[in-house]
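Coordinate analysis (summary)
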Amino acid sequence: MHSEQCLDTLDFSHKLYDDTPRELEFQSTSVAEAEKWQRELRGKLTELVGGFPKTKCELKSETLETREFDGYIRETVLFQSRLNMTTYGYFLTPTHIDIPTPNATILCLAGHGRGVDDIVGIEEDGSMRKEYGGYQNDFALQCVAHGYSVLAIEQFGFGHRRDAVAHQKGGGSSSCQPSAGAALLLGQTMVGWRVYDAMRAYDYLATRPEVDMDRLGIMGISGGGTTSFFTAALDQRVKAAVVSGYFNTFKDSILSISHCIDNYIPNVLQYAEMYDIAGLIAPRALFVESGTEDTIFPIKATQYAVNRAKSIFKLFSVEDKLGLEVFEAGHSFFGVGSFEFLKKVL
């Protein structure tokens with residue numbers, strides 16, 4: 001008589017998930033307890049993503065080019081985020097309306113694809129799109145259209161910041177692999193590398209007099225949503241985060257569905273689920289948007305995770321600082337409720 005056969009690897013992973021208690025799951029009953037829990041989980045999460053450099057390198061920022069377009073000015077900028085790594089991006093200033101100085105500013109982060117150019121309307125041949133396009137719908141330009149100043153940076157491994165092999169393969173090819181694998185071999189993570197780039201981006205923004213450092217936002221979709229989410233959790237300078245096409249549960253997304261290796265943080269599920277990490281953003285603001293047909297971040301799990309995170313925001317008496325918009329589409333940027341939300345909180 002053979003013993004019961006267990007050949008399903010996903011079923012094994014789910015059972016292991018169910019049997020693994022989250023050591024830092026949110027259980028606080030007072031604000032004081034919750035703040036202590038936040039400090040502990042934030043410290044552990046920093047450790048899990050591989051930590052950050054103990055000393056910051058000089059930014060050595062420079063502007064390569066300034067161009068005027070209908071409604072905004074675009075500066076191409078560079079700065080050093082860490083030793084041996086330069087960050088590339090665009091600083092966008094609205095000109096179609098009178099804006100305050102300093103102005104609320106949003107850090108925009110693209111997902112997998114062609115990188116930062118694909119959220120500021122630049123086609124692969126260098127020409128400008130005439131209307132919003134692609135699954136990311138040029139959300140950096142949408143921010144500008146709503147009156148925000150924008151810093152859109154290239155994520156590590158995308159677009160302008162790839163290895164030679166990825167460049168040879170064309171505009172949509174990333175170097176997440178082997179870069180994210182290299183990070184893991186070194187006891188670090190791509191999440192940590194990208195979050196630190198975002199933190200240094202805020203350091204760069206602090207050097208610009210036109211930026212209101214008390215009104216900083218972050219926005220990203222997919223892989224950009226990942227970085228936006230973890231940056232908001234770890235850097236309290238972020239006052240409002242818009243996370244598109246990412247927020248879910250680890251169990252129902254990256255544990256169960258094939259994803260890029262850049263998503264993975266070793267051992268994170270020993271300590272917290274994604275909705276617990278969302279609680280690190282409270283009492284600051286978080287807005288989640290997700291499509292009903294998103295095949296890599298299932299909508300039911302997104303709704304469940306938002307409902308779990310609500311209890312943390314409720315304890316801080318800021319239920320209105322957590323928003324969710326579900327829209328009828330696949331994995332894409334929607335940007336309707338999110339901008340209404342930002343008007344109120346930023």
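Our subject is the structure listed above.
So, here is what we can say about the structure in this document. (Residues numbered from 1 in each chain as written. Predicted model: local features only at pLDDT ≥ 70, side-chain atom pairs only at ≥ 80, totals over all residues. Heavy atoms only, no water.)

All right, on to the side chain of Thr-87 then. Inspection of the secondary structure assignment puts Thr-87 in strand 3 (residues 85–94). Of note is the side chain of Thr-87, whose polar atom sits 3.3 Å from the side chain of Ser-81. Filtering out sequence-adjacent residues up to four positions away, Thr-87 remains in contact with Val-77, Leu-78, Phe-79, Ser-81, Ile-153, Glu-154, Arg-161 and Asp-197. (Helix = DSSP H or I, 4+ residues; strand = E, 2+ residues; numbered from the N terminus. Polar contact = N/O pair within 3.5 Å; in protein donor to acceptor, adjacent residues only side chain to side chain. Contact = heavy atoms within 4.5 Å.)

Where helix 6 (residues 190–205) meets helix 7 (residues 223–234), the closest approach of the two axes is 9 Å, and the angle between their N-to-C directions is 65°. As summarised for this structure, helix 6 and helix 7 are arranged roughly perpendicular, according to the angle between their axes. The interaxial crossing formed by helix 6 with helix 7 has right-handed handedness. Counted together, Val-191, Arg-194, Val-195, Ala-198, Met-199 and Tyr-202 of helix 6 and Thr-226, Thr-227, Phe-230, Thr-231 and Leu-234 of helix 7 form the full contact between these two elements. Grouping the amino acids of the contact of helix 6 with helix 7 by side-chain chemistry returns 7 nonpolar, 3 polar and 1 charged. (Axes fitted to C-alpha atoms, helices over the stretch in contact; angles between N-to-C directions. Parallel < 35°, antiparallel > 145°, perpendicular 65-115°, else oblique. Left-handed = near helix turned anticlockwise from the far one by under 90°. Nonpolar A, V, L, I, M, F, W, Y, C, P; charged D, E, K, R; others polar.)

Let us look at the packing of aromatic side chains. A complete count under the given rule lists 15 aromatic pairs for this structure. Judged by centre distance (5.2 Å) and plane angle (20°), the ring pair of Phe-69 and Tyr-72 falls under stacked. Per residue, the accessibility class of Phe-69 equals that of Tyr-72, and both read buried. Note on Phe-79 and Tyr-204: the rings are 5.3 Å apart at their centroids and 10° apart in plane angle, and the pair reads as stacked. One end of the pair, Phe-79, is in strand 2 (residues 72–82); the other, Tyr-204, is in helix 6, and 125 residues separate them in sequence. Phe-79 gets classed as buried once you look at its relative accessible area, which sits at 1%. A network of ring pairs unites the aromatic residues Phe-229, Phe-230, Tyr-246, Phe-247 and Phe-297 as a single cluster. Cation over ring: Arg-22 sits above Tyr-17, and NZ or CZ is 4.2 Å from the ring centre. Arg-74 extends its terminal NZ or CZ atom over the ring of Tyr-90, reaching a point 5.3 Å from the ring centre. (Phe/Tyr/Trp six-rings, centres within 6.5 Å; stacked < 30°, edge-to-face > 60°. Buried < 20%, exposed > 50% of the residue type's maximum accessible area, 1.4 Å probe, protein only. Lys NZ or Arg CZ within 6 Å of the ring centre and 35° of its normal.)

What follows is about the side chain of Ser-290. Relative to the helices and strands, Ser-290 is located in strand 8 (residues 285–291). We classify Ser-290 as buried; its relative accessible area is 2%. Look past the residues within four positions of Ser-290 in its chain and what remains in contact with it is Phe-297, Ile-299, Thr-302, Glu-325, Val-326 and Phe-327.

Tallied over the entire structure, the rule returns 16 salt bridges. The residue Glu-75 makes a salt bridge to Arg-208 at a minimum N-O spacing of 2.8 Å. One end of the pair, Glu-75, is in strand 2; the other, Arg-208, is in the loop between helix 6 and strand 6 (211–221), and 133 residues separate them in sequence. Judged on exposure class, the residue Glu-75 and its partner Arg-208 are both buried. Each of Lys-56, Arg-200, Asp-203, Asp-235 and Arg-237 takes part in one network of salt bridges that share partners. (Salt bridge = Lys/Arg side-chain N within 4 Å of Asp/Glu carboxyl O.)

Extensive coverage of strand 4 (residues 103–109) is indicated by the burial of 7 of its 7 residues. The pairing of strand 4 with strand 6 spans 6 bridges and is classified as parallel. Residue pairing for strand 6: Leu-109 is matched across the bridge by Gly-220. When strand 4 meets strand 5 (residues 149–153), the two strands line up parallel, connected through 5 bridges. Along strand 5, the bridge assignment pairs Leu-109 with Ile-153. (Pairing = 2+ DSSP bridges.)

Scanning the model with the defined rule gives 1 cavity of 30 Å³ or more in all. Approximately 40 Å³ is the volume attributed to the largest cavity. Looking at the largest cavity, the residues that line it are Val-191, Arg-194, Gly-223, Thr-226, Thr-227, Asp-262 and Asn-263. Those elements that provide at least two residues to the lining of the largest cavity are helix 6 and helix 7. By residue number, the principal contributor to the lining of the largest cavity is helix 7, which donates 3 residues. Among the residues forming the lining of the largest cavity, the class breakdown is 1 nonpolar, 4 polar and 2 charged. (1 Å grid on protein atoms, 1.4 Å probe; cavity = no way out; pocket = protein on both sides within 12 Å on 5 of 7 lines; lining within 4 Å. Points joined across faces, edges and corners; volume = space filled by probe spheres on them.)

Our next topic: unusual backbone geometry. Cis peptide bonds are those with omega within 30 degrees of zero, and the linkage from Gln-177 to Pro-178 qualifies with 20°. In this structure, Pro-178 sits in helix 5 (residues 176–185). A cis amide bond links Ala-282 with the next residue in sequence, Pro-283, at an omega value of 5°. Position of Pro-283 among the secondary structure elements: in the loop between helix 8 (274–278) and strand 8. The residue Ser-222 is not glycine, and still its phi comes out positive at about 55°. Looking at the secondary structure, you find Ser-222 in the loop between strand 6 and helix 7. Classification of Ser-222 as buried rests on a relative accessible area of 9%. Although it is not a glycine, Asn-267 adopts a positive phi angle of roughly 75°. Within the element layout of this structure, Asn-267 appears in the loop between strand 7 (240–244) and helix 8.

Treat this as a map of the structure, not an account of what it does.
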